[in-house]
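Coordinate inspection notes
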Amino acid sequence: MNILHILNGDATLNGFEQTGLEGDTLIWREVLSEGPLEENISSASFWKARQEWVCKTFNETPGGYQGKMLDELSKLSGPYDEINLWFEFDLHCQANLLGAMAYIEQQTDLSVPAIYLICPADFPGKTNFRGMGELSGEELEYLYDNIRIQLSGIDFILAAEAWQVYVSRDAENLKAYLAETNFWGSLHLLKPALQAQLKRLQVNANGLNYVEQKLLDIYNYGIKTKHEIYLRFWETEKMYGMGDMEIDTYLNKLQDKGLISLS
């Protein structure tokens, strides 16, 4: 049997290589929770816009993006009998999951491979679980054996609907979608992630979204260094799944507005 494991980012790879699980790996090195998006994820314009934004925002080179992301996608053209999606509960991962499912649906004959999802919200004995990157090979195998679920055609329909709403970046559209949707199929962690996205789309009287206001509050509380700001933000906002470089994009916006001053 030909098996492909799609891992959300490099953080999980080290632990995954310690497992006894067979199959090839595809590393999904994208940040679809940020930057430009369009519904047709298979289009050249989608990936051109992503490449330009990633290179500009994270100081990546076009060649680096090609090798780290676009070349990885070519693995989906392989004749796989089974595809396992390893994604987590936060907005960063759920946005990438929707993108991965949209891409798979557009590029793959879904009647051929069995597609499974491994998506933990927590882990036994870990009180502040933040993601699979902190798990050992044995612990990842535990997830594989105990929470892996097979995705159905209905799950892909749900993902396509959610992707369409997500890429619109329309707060009222997303608010209505969340209010009207009662069935989430196997995508059981998608709703809270999209609720976090709604908070980020809405702007307060100060012209700031939830993340910007949260970071400003942390700064005004007296926490003035980036590292300390990251730690305080992660204490309460792990649902966003942001790394330090992503948080920096928001801190830069606050600095551009003259609301904070960081060295």
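This section reports on the structure supplied with the text. (Residues numbered from 1 in each chain as written. Predicted model: local features only at pLDDT ≥ 70, side-chain atom pairs only at ≥ 80, totals over all residues. Heavy atoms only, no water.)

**Section: the overall build of the protein**
- Each helix and strand counted, the protein has 11 helices and 5 strands in total.
- Here the protein has a C-alpha radius of gyration of 19 Å; the compact-globule value for 263 residues is 18 Å, and the two agree.
- Every one of the 263 residues in the protein was classed for burial, and the buried ones make up 51%.
- Contacts in the protein between residues far apart in sequence, at least 24 positions, make up 65% of those at least 6 positions apart.
- Summing over all exposed atoms, the protein offers an accessible surface of approximately 12,400 Å²; the carbon and sulfur share of this is 48%.
- In the protein, 21 positive and 38 negative side-chain charges are present, and the distance between their average locations comes to 9 Å. (Helix = DSSP H or I, 4+ residues; strand = E, 2+ residues; numbered from the N terminus. Rg over C-alpha atoms; globule rule 2.2 N^0.38 Å. Buried < 20%, exposed > 50% of the residue type's maximum accessible area, 1.4 Å probe, protein only. Contact = heavy atoms within 4.5 Å. Areas by Shrake-Rupley, 256 points an atom, 1.4 Å probe, with all protein chains shown as cover. Lys, Arg positive; Asp, Glu negative; His and termini not counted. Charge placed at Lys NZ, Arg CZ, Asp CG, Glu CD.)

**Regarding the nonpolar core**
- Counting 89 residues, the largest nonpolar core has Ile6, Trp28, Leu85 and Trp163 as its most contacted members.
- Looking at this core, the element that brings in the most residues is helix 4 (residues 91-107), giving 9 residues.
- Those residues within four positions of Leu85 in sequence are excluded, and the remaining contacts are Ile6, Leu97, Met101, Ile104, Ile115, Tyr116, Leu117, Ile118 and Leu151. (Core = buried A, V, L, I, M, F, W, Y, C linked by side-chain atoms within 4.5 Å.)

**Considerations on helix 7 (residues 171-180)**
- Those residues of helix 7 not exposed but buried are Ala171, Leu174, Tyr177 and Leu178. An end-on view of helix 7 places all buried positions within 130 degrees of arc, on one side of the element. In this structure, helix 7 carries Glu172, Ala179 and Glu180 as exposed residues pointing more than 90 degrees from its buried face.
- Buried-residue contacts for helix 7 involve helix 6 (153-168) and helix 8 (190-201).
- The N-cap residue of helix 7 is Asp170: its side-chain oxygen and the backbone nitrogen of Glu172 are 3.0 Å apart. (Arc of directions from axis to C-beta. Polar contact = N/O pair within 3.5 Å; in protein donor to acceptor, adjacent residues only side chain to side chain.)

**Digging into the layout of surface pockets**
- Size it by volume and the largest pocket reaches roughly 820 Å³.
- Lining the largest pocket are 32 residues, with Gly9, His92, Gly241, Gly243 and Glu246 sitting closest to its centre.
- Counting residues per element, the ones that place at least two in the lining of the largest pocket are helix 2 (44-58), helix 3 (62-73), helix 4 and helix 11 (244-256).
- Here the residues of the lining of the largest pocket are counted per class, giving 11 nonpolar, 9 polar and 12 charged.
- Along the walls of the second largest pocket sit 13 residues, with Glu34, Gly35, Trp53, Tyr250 and Lys253 positioned nearest its centre.
- Considering only residue class, the lining of the second largest pocket consists of 3 nonpolar, 6 polar and 4 charged. (1 Å grid on protein atoms, 1.4 Å probe; cavity = no way out; pocket = protein on both sides within 12 Å on 5 of 7 lines; lining within 4 Å. Points joined across faces, edges and corners; volume = space filled by probe spheres on them. Nonpolar A, V, L, I, M, F, W, Y, C, P; charged D, E, K, R; others polar.)

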